[in-house]
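Analysis of the macromolecular model
Chain by chain, the residues run as shown.
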Amino acid sequence: YPDAHEVFLAGDFNDWTPRALRMTRVGDSWVFNVHLSTGKHIYKFIVDGRWIKDPGNPLWEENEYNTDNSVLWMEEK
C-alpha cells in the first residue's frame, strides 16, 4: 500500500488495539518491529482506517466476523 497515509498493526499480541502500533513508511513498504512470544499469533493491518489481511502472508484463518485474520507462527530459537 504505497499510497496509504497511515498504517497500524493490531492483533492478539496487543489486544487488537487499532491505533497503538503505528507503522513507519520505508520506501514503498510499511514496517513495525515487535517481539512476539513463541506460538501462534493472529493479526491485521489497518490501512487508512480499513482492516485488511496481510497481502504478503498466505497464512490466514476465518474469524467470528467472517473477515479473516492473518496468521503468524513463531518458533523457539
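As for unusual backbone geometry
- Unlike most non-glycine residues, Asp-15 shows phi in positive territory, near 60 degrees.
- Structurally, the position occupied by Asp-15 is in the loop between strand 1 (7–11) and strand 2 (21–22).
- With phi around 60 degrees, Trp-16 is a residue other than glycine that occupies positive phi space.
- Its location among the elements puts Trp-16 in the loop between strand 1 and strand 2.
- Overall, the relative accessible area of 28% leaves Trp-16 in the partly exposed class.

Concerning the pairing of strand 1
- Counting buried residues in strand 1 gives 5 out of 5 residues, a clear majority hidden from the surface.
- Of the strand pairs in this sheet, strand 1 and strand 5 (residues 39–47) are connected by 5 bridges, and their pairing is antiparallel. Bridging from a neighbouring strand, Leu-9 pairs with Phe-45 of strand 5.
- Bridge analysis of strand 1 against strand 2 gives 2 bridges, and the strand direction is antiparallel. What sits directly across from Phe-8, in strand 2, is Arg-22.

Topic: the nonpolar core
- In this structure, Ala-4, Val-7, Leu-9, Leu-21, Met-23, Trp-30, Tyr-43, Phe-45, Val-47 and Ile-52 together form the largest nonpolar core, which totals 10 residues.
- Where this core is concerned, the elements lending two or more residues are strand 1 and strand 5.
- Per-element accounting of this core gives the leading share, 3 residues, to strand 5.
- Non-local contacts of Trp-30, meaning those with residues more than four positions away in its chain, are made with Tyr-1, Ala-4, His-5, Glu-6, Val-7, Met-23, Thr-24 and Arg-25.

A short note on the side chain of Asn-57
- Position of Asn-57 relative to the elements: it lies in the loop between strand 6 (50–52) and strand 7 (60–61).
- The exposure class of Asn-57 is buried, given its relative accessible area of 14%.
- A distance of 2.8 Å separates a polar atom in the side chain of Asn-57 from the backbone nitrogen of Leu-59.
- Contacts of Asn-57, omitting those with residues within four sequence positions, involve Tyr-43, Ser-70 and Val-71.

The rules behind these values
Residues numbered from 1 in each chain as written. Predicted model: local features only at pLDDT ≥ 70, side-chain atom pairs only at ≥ 80, totals over all residues. Heavy atoms only, no water. Helix = DSSP H or I, 4+ residues; strand = E, 2+ residues; numbered from the N terminus. Buried < 20%, exposed > 50% of the residue type's maximum accessible area, 1.4 Å probe, protein only. Pairing = 2+ DSSP bridges. Core = buried A, V, L, I, M, F, W, Y, C linked by side-chain atoms within 4.5 Å. Contact = heavy atoms within 4.5 Å. Polar contact = N/O pair within 3.5 Å; in protein donor to acceptor, adjacent residues only side chain to side chain.

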